Amino acid sequence: MDPSQEEHYLRFASEHPDLMCSEAPTELLEAAASDAEPTKFLEEFFAVGYTGWLAQKHGRRIHPPQDLVDRAVIVLWLRACLLNTDRLLGRTDGGQDTLFFSDEGLY
């Protein structure tokens, strides 16, 4: 993904913390599934979306501990990989109606 696309998706994550899994951009799902671990860009993307979701959930901007953000990044990246697999297999029962940046129920 080129730097301008990365910047676009970082803004997208910041502006859409309430994104549903069914609305996740295919390009991001494919990017997540293309490596054995999250890239630096994906780490930042999921961290931005996660902290935005937390702010929305709590009604104010909070600064969670870095270890909490790191764990959320991993489980959100795994969710994106699984959503990509479901997309490739034509399955729609993989939690499509849940919030993409929420880590609730993923641990």
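Structure: see above.
As the structure is a computational prediction, the values presented were derived from the model and not from experiment. (Residues numbered from 1 in each chain as written. Predicted model: local features only at pLDDT ≥ 70, side-chain atom pairs only at ≥ 80, totals over all residues. Heavy atoms only, no water.)

Caption draft 1: Summary view of the packing of helix α2 (residues 26-33) against helix α4 (residues 66-89). As a packed pair, α2 and α4 sit with axes 8 Å apart at the nearest point and diverge in direction by 110°. When the axes of α2 and α4 are compared, the pair comes out roughly perpendicular. Seen from above, α2 lies across α4 with left-handed handedness. Within the contact between the two elements, α2 uses T26, L29, E30, A32 and A33 and α4 uses W77, A80, C81, L83, N84 and R87. Class assignment for the residues of the contact of α2 with α4 results in seven nonpolar, two polar and two charged. (Axes fitted to C-alpha atoms, helices over the stretch in contact; angles between N-to-C directions. Helix = DSSP H or I, 4+ residues; strand = E, 2+ residues; numbered from the N terminus. Parallel < 35°, antiparallel > 145°, perpendicular 65-115°, else oblique. Left-handed = near helix turned anticlockwise from the far one by under 90°. Contact = heavy atoms within 4.5 Å. Nonpolar A, V, L, I, M, F, W, Y, C, P; charged D, E, K, R; others polar.)

Caption draft 2: Geometry of the packing of aromatic side chains. One pass over the full model with this rule turns up seven aromatic pairs. Taken together, F41, F45, F46, F100 and F101 form an aromatic cluster joined through their ring pairs. (Phe/Tyr/Trp six-rings, centres within 6.5 Å; stacked < 30°, edge-to-face > 60°.)

Caption draft 3: Just the side chain of S102, in detail. For S102, the position within the fold is in the segment after α4. What S102 contacts, discounting residues up to four positions off in sequence, is W53, L76 and R79.

Caption draft 4: A look at the nonpolar core. Judged by nonpolar contacts, the single largest core of 30 residues is most densely connected at F41, L42, F45, F46, Y50, F100 and F101. Broken down by secondary-structure element, the contributors of at least two residues to this core are α1 (3-15), α2, α3 (40-58) and α4. Discounting residues that sit within four places of it in the chain, F41 has contacts with M1, E6, Y9, L10 and L28. (Core = buried A, V, L, I, M, F, W, Y, C linked by side-chain atoms within 4.5 Å. Buried < 20%, exposed > 50% of the residue type's maximum accessible area, 1.4 Å probe, protein only.)

Caption draft 5: Region of interest: the pattern of salt bridges. Counted by the stated rule, this structure contains six salt bridges. Linking R11 and E7 is a salt bridge whose minimum nitrogen-to-oxygen distance equals 3.9 Å. On the criterion of helical spacing, the pair formed by R11 and E7 is a turn pair, its members being four residues apart in helix α1. Classification of R11 by relative accessible area gives partly exposed; the value is 42%. (Salt bridge = Lys/Arg side-chain N within 4 Å of Asp/Glu carboxyl O.)

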